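# Examining the three-dimensional arrangement
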Amino acid sequence: MRNNNIVLIGFMGVGKGTIARALIQKTKRFGVDTDDLIESMENEKIKTIFEEKGEPYFRKLEKKTAKWLTCNVQNCIISTGGGFYKVPKIKKIGTIIYLKSSFDGILNRIKSCENAEQKLAKRPLFQDEQRAIKLFKERAPLYQKKADFVIDVENKSIKQIVNEIIKLDI
Ligand code: S3P
């Protein structure tokens, strides 16, 4: 059974959090973010979890979070970390929307932010651009595979993207 949630997946920096917040305002749904849940569960920043406990430990926390969401959360907009798409049975959490952009589109989006440096610094897997491109290429078809809907976000305003998602009538 699905929980009537909307789950936003996609690569780091594509705007999952920003779009989730705009959707929450427009739809009056509540919202949760998987990275925020993990940070509060561990009382640590994601960056520190990666540094001190390693990526496999973080991935375990993502799986634990997915189980918790499946059992406890309904009618929410859920923004996720870029690797969350890999958790087992993700579709049980809700309808999966893949926010799609080219790698250059993502880079331009991050670099045009006032706090671009901070945005990059908090993302351990975005420290080396070549490594990030490789990860992007590996993941792009996998996001697509997991998605119930794909929304192309490149060169669109937040308002346009939100309207497109609302029109899906999930
Ligand atoms: C990750 C993406 C991050 C965060 C962690 C790992 C990934 O979230 O969950 O650093 O594997 O792509 P954002 O997508 O919000 O950057």
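I will try to describe carefully the structure that is included in this document. In this text, all values refer to a predicted model and were calculated from it rather than measured experimentally. (Residues numbered from 1 in each chain as written. Predicted model: local features only at pLDDT ≥ 70, side-chain atom pairs only at ≥ 80, totals over all residues. Heavy atoms only, no water.)

### Brief notes about helix α7 (residues 129-146)
- Look at α7: 25 Å from first C-alpha to last across 18 residues, which is about the 26 Å you get at 1.5 Å a residue.
- Helix geometry: α7 is bent most strongly at R139, by close to 35°, with proline P141 lying one to four residues after it.
- Buried within α7 we find A132, L135, F136, R139 and Y143.
- Buried positions along α7 lie against β1 (5-9), α4 (55-72), β4 (94-100) and α5 (103-111).
- For α7, the capping residue at the N-terminal end is D128, with a side-chain oxygen 3.0 Å from the backbone nitrogen of Q130. (Helix = DSSP H or I, 4+ residues; strand = E, 2+ residues; numbered from the N terminus. Expected span 1.5 Å × (residues − 1). Bend = angle between axes of the 7 residues up to and from the residue. Buried < 20%, exposed > 50% of the residue type's maximum accessible area, 1.4 Å probe, protein only. Contact = heavy atoms within 4.5 Å. Polar contact = N/O pair within 3.5 Å; in protein donor to acceptor, adjacent residues only side chain to side chain.)

### A closer look at unusual backbone geometry
- The phi angle at K89 is positive, at roughly 55°, despite the residue not being glycine.
- Its place among the elements puts K89 in the loop between β3 (76-79) and β4.
- A positive phi angle, near 60°, is found at N155, a position not held by glycine.
- Inspection of the secondary structure assignment puts N155 in the loop between β5 (149-152) and α8 (158-167).

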